[in-house]
Amino acid sequence: MNPFEWKREQVMLSPKEADEIKTTTCYMCACRCGIRVYLKDGSVRYIEGNPDHPVNKGVLCAKGSAGIMNHNSPARLTKPLLRVGERGAGEFKEIEWEEALSLAQDWLGEVRRTDPKKLAFFTGRDQSQSLTGWWAAQFGTPNFAAHGGFCSVNMAAAGLYTLGGAFWEFGEPDWDHTKYFMMWGVAEDHDSNPIKIGLGKLKTRGDAKFVAVNPVRSGYGAIADEWIGIRPGTDGLLALSLVHELLRTENVDLEFLARYTNATWLVIDNPGGADDGLIARDEDGNPLCWDGEKNEAVNALSAEAKPVLAGRRTLSDGRRAVPSFELLAQRYLDPQFAPDAVAERTGVSAETIRRIAAELAHTAFSEEVVIEQPWTDWAGRKHDRMIGRPISMHGMRGISAHSNGFHTCRSIHLLQVLLGSIDCPGGWRYKAPFPRPIPPGPKPAGKEWHPNTPLGGMPLGNPTGPEDLLVEDDGTPKRIDKAYSWEHPLSAHGLMHMVIHNAWKKDPYGVDVLFMYMANMAWNSSMNVPGTLHYLTDKDPNTGEYKIPKIIYSDAYYSEMIPYADLILPDTTYLERWDCISLLDRPISSAHGPGDAIRQPVVKPNRDVRPFQDVLIDLGARLGLPGFVGTDGEAKYPGGYPDYIVNHERLPGIGPLAGWRGEDGDSHGRGAVNEDQLQRYIENGCFWSEELPLEHQYFKHANQGYLDYAVGMGWIPNAEQIVLQLYSEPLQKFRLAARGHGPLQPPDEHRNRVDTYFDPLPIWYMPFEEAAVDTEAYPMHALTQRPMQMYHSWGSQNAWLRQITARNRLYINEETAAEMGVEDEDWVWVISHAGRVKGQVKLMSGVNADTVWTWNAIGKRKGAWRLSVDAPESNKGFLLNHIISELLPAQDDGLRYSNSDPVTGQAAWFDLRVRVEKCLPEEAGLTEPGFAAQPPPPSGPGPAPSDELTYGAQFRKEGRNDGLTMAEWIGNRREASRNIPGIADGHGNNAGNGPKGGH
């Protein structure tokens, strides 16, 4: 008998795969891909990519496919919980929702009636910050922020203050036309499907080069044409050395600089004066440039100006001024930035730096991309075609998570602008609703707060000078995290990593309620885990009360943070709720046009849980917050979050969703409320997108058609050109304040810091921890990054994804390990100035010789996430967060700054310095530090933990109503049947029992 004959005969050509297929948006990482969810008998059977979706076009990664197991996770919470034991002991009782919400209302209401700032409301990767931020503003607390402060605020702020857009969510490479792509410090977990699709285009086209700049060669870097294994924290120095070479060889797009940037703007040269370093302006506030034909200063924004890029000039009032480009050229032509001067520090040879600079120049100026498409610029000038410099770049946390990350990212943007590769064919492109004015509005609110009164605006924003800071008269911070203070003036995303420490220390004051959502601050989202656990449980010795009196926490899962909260409001999974991926927040736009999306509940919860957004809206109504109740005091959005999504308007005609607005649903961007809006989204696959005409797709910062369109959509206030800011006047304003000018000046202890790091041109400096510790005692850099198949803690509790990575190793360069006497699989101590952690080694060649690294969020606390206490994640997995300090070592005056970027407050996760010591034989085998196992949560209707993976059993039972036997079901699923007892393996053999996947 033919060994394949039996299987052929059993094949059914039209099996019933599902009762229903629903579309929604994935939530297994931050890509926001479109998915199609197959449902059978009311259960999720299968998830695939939506081929019609603009983000992923049907592509789906392991994370997205495994969303089934996040949805079915035994770690799901099942009911509201109230702490009954000591904080941290994990002792709770189940309560009903009405009791939970009444308690939250009482706790929050007392704060709002007395002192609203005593509420600290901080959220994790919730993707609904437009709602949560607005809720905080209506409550009246300035103490709100989301996860960006420990993730990517350096990238966002540097881009917004330079280009009016930024990497990742605010921009993307022109994958179809770029010929030279440089990826700086990007791990595989961010923007993964779009990047994979883009890299696939580059690799299959065959006419582009992909250069990965990263201390670690994994994921994307593994397929790069060239990997530059840079020393951590020196990327900015490499970028500025490339700038040096471009200037030295005169490979700079001078026309682009003169037309689209402030390179020609005149900077006042008045050392010691209150106006030194500011932009020279006319009486109407317009910047001045020097007109070479008229030989006088003229309005730099005039289309008729003939500006020059160099030469010191005397203005009509007698002051001296110089074009900012001359200051730029003088700085970076300095020999300190020459390749030979930076090679040793960066770990990149001078020859390589010179070659990369030459390749960039050749590609930009000898391989230009031309699109035969006429367009009109902001001045009404007609252009017959679009000419582009096909250089594109992308950066992420590897750049951002350093204390010099803001200036490093600015340096990369400087490199892009000098090549003229901004929003042009083949270059880096804006994604709607960007670009925006530089910096974009609004400014942060919170200068004043009053009982039972909303703030005057949103808590987060973008300062333009010292007058926008949130500080007291004596210069001390007004916010609990010290955002928008002299310590971190441009902290546009807040400092989530400092909230718990500052609240515990009462610096600058204490809080009454800490309210957090989906932020695992008791483990992998916190620096200094042991310290954080102490802050959460420490009591005042005089009163016996916790120093952080009340903690409300919402999450879908039994994470490490749950035992440290007093009141738990259980969230749903992403397949059980509505969500809004909004243009007001973090949309799904592309360079081709705007887009937004929703999540719809594809199944109903089988537990007593509620979507956090619904809970927040309910609390807003219970508290009587303006905007959440009508004039009659009744709830304004009684239908919860979907009611809010449809009916809320941030401005007249502008709401959370841009698609199908207007009473008949025939308007996009602006329009009246459409009660049928959500249904229109569902019919379209749960997204809306619009492709711009080709004539509007490039040069958006200066394209009149696009600028007019953006005004009509409500993204920008007027259709004026957005001038790229190589020289940042807002930074210089802070520096002048530090030098004693203006009514608002920093306290003496902060003057030198502000003066040094608020340079209007990008600078490079050694990361703070590296500069503060003994680098001979701690000779190695240590990094954490997330694997492509995991994201945050969600992925590493997933039964399917755990079979890919159930523990992490410390990766060390082979040659470095040999010098240390360390071999593959050895157990070692990783020791920093803050502590030590133990893990097992894996040797590799693709890592910088001075760097060790590991995967983050794999190591778990015993008992957390409903994993077995002997799970490899908690016994052999480890977490570098245990040895990262949230504070820098004390200065001579005793002051300890946050371990963060001095400009933005970005957490400096990647500045960690360590030494590696081989364990004694008796120390090997288990990770340390160890913590007592979390007890399981109170029993509920949810599934109990199991050592056996049984998902799918319900689909292959004999006697199902579609008539398929187990053998037929397996065959029709096209899955390997060798792991199912009694099923032939396709070669006439009985396969027998296969391995079990444990949870």
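All figures in this text were calculated on a predicted structure; none of them were measured in a lab. (Residues numbered from 1 in each chain as written. Predicted model: local features only at pLDDT ≥ 70, side-chain atom pairs only at ≥ 80, totals over all residues. Heavy atoms only, no water.)

A. Expanded view of the overall build of the protein chain. What the protein chain contains, in helices and strands, is 26 helices and 34 strands. Over its C-alpha atoms the protein chain spans a radius of gyration of 29 Å, differing by no more than 12% from the 30 Å that the globule rule assigns to 999 residues. The principal-axis extents of the C-alpha atoms in the protein chain amount to approximately 90 × 75 × 75 Å. Taken over 999 residues, the protein chain has a buried fraction of 63%. Within the protein chain, contacts between residues at least 6 apart in sequence are counted, and of these 70% link residues at least 24 apart. Total accessible area on the protein chain is roughly 34700 Å²; 47% of this is exposed by carbon and sulfur atoms. When the 101 positive and 130 negative side-chain charges of the protein chain are each reduced to one mean point, those points stand 3 Å apart. (Helix = DSSP H or I, 4+ residues; strand = E, 2+ residues; numbered from the N terminus. Rg over C-alpha atoms; globule rule 2.2 N^0.38 Å. Buried < 20%, exposed > 50% of the residue type's maximum accessible area, 1.4 Å probe, protein only. Contact = heavy atoms within 4.5 Å. Areas by Shrake-Rupley, 256 points an atom, 1.4 Å probe, with all protein chains shown as cover. Lys, Arg positive; Asp, Glu negative; His and termini not counted. Charge placed at Lys NZ, Arg CZ, Asp CG, Glu CD.)

B. View of the pattern of salt bridges. Evaluated as defined, the whole model comprises 56 salt bridges. With a closest N to O distance of 2.9 Å, aspartate 755 and arginine 739 form a salt bridge. With a gap of 16 residues between them, aspartate 755 in helix α22 (residues 748-757) and arginine 739 in the loop between α21 (729-738) and α22 connect regions that are remote in the sequence. Residue class for arginine 739 comes out partly exposed when judged on its relative accessible area of 39%. Across the salt bridge formed by aspartate 748 and arginine 751, the nearest N and O atoms sit 3.0 Å from each other. Of this pair, aspartate 748 and arginine 751 both sit in helix α22, 3 residues apart, which is roughly one turn of that helix. For arginine 751, a relative accessible area of 23% corresponds to the partly exposed category. The network of salt bridges with shared partners includes Arg331, Arg735, Arg739, Asp755 and Asp759. (Salt bridge = Lys/Arg side-chain N within 4 Å of Asp/Glu carboxyl O.)

C. The arrangement of helix α12 (residues 350-366) in detail. In this model, α12 (17 residues) spans 23 Å end to end at C-alpha, consistent with the 24 Å of a helix rising 1.5 Å per residue. Listed as buried for α12 are Ala350, Thr352, Ile353, Ile356, Ala357, Leu360, Ala361, Thr363 and Ala364. Close packing links the buried residues of α12 with β9 (180-184), β11 (226-228), α8 (235-248), α11 (339-346), β21 (391-395) and α14 (405-418). (Expected span 1.5 Å × (residues − 1).)

D. Structural detail: the packing of aromatic side chains. Per the counting criterion, the structure on display carries 36 aromatic pairs. Consider the rings of tyrosine 38 and tyrosine 46, whose centres lie 5.4 Å apart with planes at 65°: the pair is edge-to-face. Tyrosine 38 gets classed as buried once you look at its relative accessible area, which sits at 9%. We classify tyrosine 46 as partly exposed; its relative accessible area is 33%. (Phe/Tyr/Trp six-rings, centres within 6.5 Å; stacked < 30°, edge-to-face > 60°.)

E. Main features of the pairing of strand β32 (residues 835-844). Here 4 bridges tie strand β30 (residues 810-813) to β32, and the two strands are oriented parallel to one another. What sits directly across from tyrosine 811, in β32, is lysine 842. From the end of strand β31 (residues 827-832) to the start of β32, which pair antiparallel, there are 2 residues. (Pairing = 2+ DSSP bridges.)

F. Representation of the sheet that holds strand β33 (residues 851-855) in the model. Taken together, the 6 strands give a closed barrel; going around it, the order is β29-β33-β30-β32-β31-β34, and neighbouring strands pair in mixed fashion. Each strand of the sheet is rotated relative to its neighbour by a mean of 45°, with strand direction disregarded. (Axes fitted to C-alpha atoms, helices over the stretch in contact; angles between N-to-C directions.)

G. Structural detail: the sheet that holds strand β28 (residues 687-689). In space, the 3 strands of this open sheet follow the order β26-β27-β28, with antiparallel pairing throughout. Of all strands in the sheet, those bounded by a partner on one side alone are β26 (579-581) and β28. The mean inter-strand angle of the sheet, taken between neighbouring strand axes irrespective of direction, is 10°. By the bridge criterion, 3 bridges tie β26 to strand β27 (residues 595-599) in an arrangement that is antiparallel. Within β27, the position partnered with isoleucine 581 by the bridge is alanine 597.

H. Spatial organisation of the packing of α8 against α11. Two elements in contact, α8 and α11, have axes separated by 10 Å at closest approach and are oriented at 165°. Classified by the angle their axes make, α8 and α11 are roughly antiparallel. Considering only the axes of α8 and α11, their crossing is left-handed. Residues Leu237, Leu238, Ser241, His244 and Glu245 of α8 lie in contact with α11, whose contacting residues are Pro339, Val342, Arg345 and Thr346. Considered class by class, the residues forming the contact of α8 with α11 number 4 nonpolar, 3 polar and 2 charged. (Parallel < 35°, antiparallel > 145°, perpendicular 65-115°, else oblique. Left-handed = near helix turned anticlockwise from the far one by under 90°. Nonpolar A, V, L, I, M, F, W, Y, C, P; charged D, E, K, R; others polar.)

I. Representation of the packing of α8 against α12 within the structure. Their axes nearest at 9 Å, the elements α8 and α12 cross at an angle of 60°. The orientation of α8 relative to α12 falls into the category oblique. Crossing geometry of α8 relative to α12 is assigned as right-handed. Residues Leu238, Ser241, Leu242, Glu245 and Leu246 of α8 form the contact with α12, whose participating residues are Ile353, Arg354, Ile356, Ala357, Leu360 and Ala361. Its residues assigned to classes, the contact of α8 with α12 shows 8 nonpolar, 1 polar and 2 charged.

J. Highlighting helix α10 (residues 324-332). All of the buried residues in α10 are Ser324, Phe325, Glu326, Leu328, Ala329 and Tyr332. Buried residues belonging to α10 abut α8, α9 (254-260), β12 (266-268), β16 (320-323) and α14.

K. Region of interest: the confidence of the model for the protein chain. Looking at the protein chain, the pLDDT average stands at 92 and 93% of residues meet or exceed 70. The model gives residues 3-7 a pLDDT under 50, and that stretch makes 9 contacts with residues more than four places away or in other chains. Below pLDDT 50 for its whole length, residues 958-999 participates in 81 contacts with residues either more than four positions away or in separate chains. (pLDDT = per-residue confidence, 0-100.)

L. Summary view of the state of the cysteines. Throughout the structure, instances matching the rule amount to 0 disulfides. Residue cysteine 686 stays outside any disulfide, its sulfur separated by 12 Å from that of cysteine 580, the closest cysteine. (Disulfide = S-S within 2.5 Å.)

M. Spatial organisation of the nonpolar core. Grouped together as the largest cluster of nonpolar side chains are 177 residues, with contacts concentrated most on Leu108, Trp135 and Phe515. The greatest single-element share of this core, amounting to 7 residues, is contributed by helix α4 (residues 97-114). In contact with tryptophan 135, other than residues within four places in its own chain, are Leu108, Leu119, Phe121, Phe515, Leu616, Leu619, Gly620, Leu623, Leu625 and Phe628. Counting 96 residues, the second-largest nonpolar core is a separate cluster that includes Cys289, Val298, Phe758 and Val903. (Core = buried A, V, L, I, M, F, W, Y, C linked by side-chain atoms within 4.5 Å.)

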